[in-house]
Structures are given as C-alpha cells and as structure tokens.
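# Structural overview for review
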Amino acid sequence: MSEFLGFAWELLAKVVYNVVAAVSSILNLLVFGWVEYFNIFMTYFTTFDIVGKIGAIILFAMLIAVPVLIVAILVHRYRINRRLHRDDTSNKALYREIGRLNKQVLDLMDEKNKLLALKVNAMGGTKQIPYVGASALADDHLPTVGNVVGAAAGAPAGEGATAAVVSGNASLALDGEGVKDAAAAMAKATVEAKTLAEEKEIAQANRFPKLSLVDLKYRDWESPAYDDAISLEDFVDSFRAFACSQMKLYYTPEVIRRFVAGMAASKLLILEGISGTGKTSLPYSFSRYLDNPATIVSVQPSFRDRTEVLGYFNEFSKRFNETEFLRAVYEAGLRQDPSMIVLDEMNLARVEYYFAEILSVLEMPSHDEWVLDLVPTQWAADPRGLHDGKLTIPDSLWFIGTANNDDSTFTITDKVYDRAIPIELNERADAFECEPHERVHVTADHLQYLFQKAKVEYVIDEELLQKMHKLDQYLQTRFKLAFGNRIIKQMYDFIPVYVACGGTELGGMDYIIARKVLKKFESMNVSFVRDEMKGLIEYIEKTFGEGGLPDSVMYLQRIQNFY
C-alpha cells in the first residue's frame, strides 16, 4: 500500500508541477518575460547598423503584436458572447410578451364573439345562436344556426328532407307525402333564411333596429278572433276567474272594478300599498288575460329625464339608443288589443322628472297631439310607425305604476296624482276555487266602446251630483281645497264604468273623493287639519248619510290618528 501511495504522490505532484510550469510559462511569455525581452533588445540594438536596427524594431513589434492580438481576440469573443447572452435574454422576454399579446387577442376575439352572439339573439329571431368561441370568427362572419349546431343535429324530419333535396341527392326516392313535407320544409327554410337576412340588414343599416324588428314581426301578423259581445261585468268576473285558475292569483271584485274603471278615467294608474299585495302581478295577470303580456320597466334611482325611458340619438354611432319602454310604446301602435307598460317601483326616482313629457302629452285634448319627438328629421330607413321623426302614443296603451312608501322612495307629487287614478292594495284577497277560464281577446276600440256605453247607460244621479257639489263648496270654504276640472272629468268617466262592472254610484264617488280629493290633506298644515277633521267627518255623514262614504270617513280618521 505504501508503494501505491508513493506512486500516486509522485504522479500527481508531477502533473501539478507541469500545470504550474505551463501557467508560469504563459505568464512569462505574455506578461513577466517582457522585461527580459526588452533588455535583450537594448543589448543588441546599439551594435546593429541601420538595417539591423530596422529589422530589430520590426521583429520586436511583431512580438508585441502577437499577445496584443491574442488579447484583442479574447476581448472580442467575450463581448460577442455577452451580447449574444443579452440578446437571448431579450428574445425570451420578447417571446413572452408576444405570447401574452396573442392570449389577449384570443380573449378579445372570444369577447367579440360573445357580444355578436348576444346581439343576434337580441334581434328576436326564431332561433337563438349560442356562443361558440373565437374559432367562429375565423372569417369575421356572424355564427349562424347551421354552422353552430349543425344542419343535421336535432333537425326535424322535414328539415332533413330539405337538406337531402338541396344537397342534390336526386336518387333519393320520396313518396307523395315525403315530397309535400320536403316542399313545405324548403319553403319554411326559405322564409326563415329571408327573415334572418332581413334582421341582419336591419341591424347593420338602421338607426332604429329594435323598432324596425317590431315592424318585421308584425308584417305578416294575423290578429286573433276578437270577442265583441262581452260586457264589462262579465269582463271583470272572467278576469278574476282567469287569474285564479290559470295564475293562482286572487283579487277581490272591488279591486278589479277599480282597476277597470281607472282605465276608463286615465291612461296612468298608480298601484300603492304594502309589499306583497299584488301591485305588479295585477297588471301582469290582466295583460296575460288579454293575451298581450305587459312590458315591465324597472325604474332606477338614476332616472332623471326623458332619455331614461325613451332613449336618445347617439351622434357618434348615428343610431338611436332604444329602450324597452320605447319599443313597447311603438309595438302598442301596431296592435288592436289593449297594451300595458308597468313602471315597477316608479317612485324610486322623481316621476315628475323622467315622466314629465309623457304626462304633458297625455293631457292634450286631441289624440292627434299625443306625439313624442324622437329625432328632428325622417330617414328613408326609419320604421314605418315614425312620421317626421315623431312617435304617436296609441290610444290602446295604458301606463301602470307601482309605488311603495318608504325611506328609499320619493313622494309622488300632486301633479302626478291629479293626472292618475291611484288604487290602494293593502290587503291580500282570500283564496277561492273556480272553474278554469281561458284568455279573452278584445280590441281597445271595443273596450273604449264599453266605457262610452256605460256612461250612457249609467248616468250619475243628479241628487248625488248635488251632494258632491255641496261637499266641494264646503271644502273650498273651510280648507281652500277644490275638486278641480280634471277630477270632475275623471269622476264622470270613473263612476259609470265602476257601476257597469258591478259596483254602486255612491261607492265609486266615495273612492274618487277619498283617493283624489281628501288625499291632498296630507300636504296641509298638521294642526289645522287635525282641528277641522272632526267637523268634516260630521258634514260628510250628514250630507251623504251615516255610512254613505265609508272609504272617505275611514281615510279622514286615519289621517286624524296619524297626526
């Protein structure tokens, strides 16, 4: 073992010696040996003649050039390697940035596809187009039903036959019925393709795309068979039965009478009461009963002016930003049956702000003046229901507002109440059983005819009118409070229809006095109202008889107790 250790030590020592000698030789050659080189040069240089001196200088310069060249090459290689490393780092960062941008592009394409699919679905076509990813935009075309769900996947037999015929399978043998089915399916496919093409053209070239799609919807619309023999009392009873049997909603006959009579007296009805009593469901179920579902517009606290409900013209895109409210108003003009727009939670914003123009328009005595200005000029492609950029509010349209009275809402002003018929819903009706009842189809003209007929058949008793005028004089003398021409007109419209629906004259007058006249006490001086309230209650019972106006007396007592 000692011999091996001696061998290893001698061998490794020699290797280390040679390495050190090699390093020392290189250092002597390139660095430390230059002192000796210079001494030798100077020793012999003085003995040379001119040629020898030149040769010595050249030789010494060449010796100097060799290490300098080696050092220059090494430095150059180092700089190149450093630059390549830096470029490689930059390239990696660039590749990462390119990858990130590519991902953003794909995300944007996906987002674009989603928006386009939503836009096409919003056109109201007969088939909805699902989202299919960024690949659907390879040719920058909108996805269609055919290339999204496949022409054969889930297609009915008629459409399958159509596809076979169109694809040129002339050898396919069809019997007589098959040919008829194929022809019908082909005709249907042609109509649908034409409709889709028209919808796409409307969406691209029209500044009123929603309204133009409504035109397209009603171009070939066939109205149902209308019932022109129904009476107002049957109308009320059948609606109550329909709401019970078809929608599991229960209303008292009194509430329905007030609702229908309110439609005869005003185009604006306000349903008030505690939450859960059916304020929104009443007009919704009533519109379902007429087979013309109401449009429900959720009022937002941000509503400030007419643009919130009617929309506005965007000068940048050259399109009108249409609202569902505007679409519903326009569509009502193309139908013969009564239409309704429900302003849900209408007093979350100030009604007299965002609804001011419509309130003013509805006050015009002639229906020809019920006009809303949308745009200043008419364009050739505008919807057919617009005339010189103006839209007429149809006589078949009613506006129904629902209102809560709490800290999150605004008080509805007298300006709005005077133009509307308020209906309070503070109690839930008891459930009852009834036979199933279907929808009815009546035209708005026939409903107006029934209202006018009621005014002829149920003229308000002259003695009752005299009592009402006495009460009016009493209120003017004691409270500086008058019925007003608008309230008188609404009373003449409301009471006969209320009687025709199964109510009484005194009950109809009681309701109008309580909700339209006595309601103004809420805005009067508290102490003054409290002191005079007892005398007013006594005068009402003396004039109309004890228990003659129960709603009015109860309302006054409630105000008296509240103050």
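Note that the structure is predicted; figures quoted are calculated from it, not measured. (Residues numbered from 1 in each chain as written. Predicted model: local features only at pLDDT ≥ 70, side-chain atom pairs only at ≥ 80, totals over all residues. Heavy atoms only, no water.)

### Description of the overall build of the protein chain
Regarding its fold elements, the protein chain presents 21 helices and nine strands. When each of the 563 residues of the protein chain is scored for burial, the buried share is 39%. In the protein chain, the proportion of contacts linking residues at least 24 apart, taken out of those at least 6 apart, comes to 74%. Of the roughly 32,200 Å² of accessible surface on the protein chain, 58% is carried by carbon and sulfur atoms. (Helix = DSSP H or I, 4+ residues; strand = E, 2+ residues; numbered from the N terminus. Buried < 20%, exposed > 50% of the residue type's maximum accessible area, 1.4 Å probe, protein only. Contact = heavy atoms within 4.5 Å. Areas by Shrake-Rupley, 256 points an atom, 1.4 Å probe, with all protein chains shown as cover.)

### Notes on the nonpolar core
Counting 73 residues, the largest nonpolar core has L232, F235, F259, V260, F483 and L536 as its most contacted members. Counting residues per element, this core draws most heavily on helix α18 (residues 485-500), which supplies nine residues. Apart from residues lying up to four places away in sequence, L232 is in contact with V260, L447, L450, F451, A454, V497, A500 and C501. Counting residues in each nonpolar core, the second largest holds 43 residues, with V299, V329, I358 and W370 among its members. (Core = buried A, V, L, I, M, F, W, Y, C linked by side-chain atoms within 4.5 Å.)

### A word on the packing of helix α16 (residues 444-457) against α18
Packed helix pairs are characterised by how far apart their axes lie and by the angle those axes make with each other. Between α16 and α18, whose axes approach to 8 Å, the crossing angle comes to 90°. As the angle between them shows, α16 and α18 are arranged roughly perpendicular. For the pair formed by α16 and α18, the contact residues are F451, A454 and K455 on the first element and Y492, D493, P496, V497 and A500 on the second. Along the lines of polarity and charge, the residues of the contact of α16 with α18 split into six nonpolar, no polar and two charged. (Axes fitted to C-alpha atoms, helices over the stretch in contact; angles between N-to-C directions. Parallel < 35°, antiparallel > 145°, perpendicular 65-115°, else oblique. Nonpolar A, V, L, I, M, F, W, Y, C, P; charged D, E, K, R; others polar.)

### Focus: the sheet that holds strand β5 (residues 339-344)
Pairing between sheet strands relies on hydrogen bonds along the backbone, with the strands arranged either parallel or antiparallel. The strand order β2-β5-β8-β1-β9 describes an open sheet built from five strands, whose pairing is parallel. At either margin of the open sheet sits one strand with a lone partner, and together these are β2 (295-298) and β9 (421-424). For this sheet, the mean inter-axis angle between neighbouring strands, taken without regard to orientation, is 20°. As judged from the five bridges shared by β5 and strand β8 (residues 397-403), these two strands associate in the parallel manner. (Pairing = 2+ DSSP bridges.)

### Thoughts on the pairing of β9
The alternating pattern of β9 places I421 and I423 on one face and P422 and E424 on the opposite face, and all of these are buried. Here strand β1 (residues 268-272) runs beside β9; their pairing, made up of four bridges, is parallel. Across the sheet, L269 pairs through a bridge with I421, a residue of β9.

### As for a positive patch on the surface
A cluster of basic residues, R79, R82, R83 and R86, forms a positive patch on the protein surface. Checked against the element boundaries, R86 lands in helix α3 (residues 50-122). (Patch = residues over 30% accessible without salt bridge, like charges linked within 9 Å, V, L, I, M, F, W, Y side chains within 5 Å. Salt bridge = Lys/Arg side-chain N within 4 Å of Asp/Glu carboxyl O. Lys, Arg positive; Asp, Glu negative; His and termini not counted. Charge placed at Lys NZ, Arg CZ, Asp CG, Glu CD.)

### Overview of the pattern of salt bridges
Counted under the stated rule, the structure contains 27 salt bridges. The shortest N-O distance in the salt bridge between R207 and D382 comes to 2.7 Å. With R207 in the loop between α6 (176-205) and α7 (209-217) and D382 in the loop between β6 (371-373) and β7 (390-392), the pair connects residues that are 175 residues apart, well separated along the chain. Here R207 and D382 have matching classes, each one buried.

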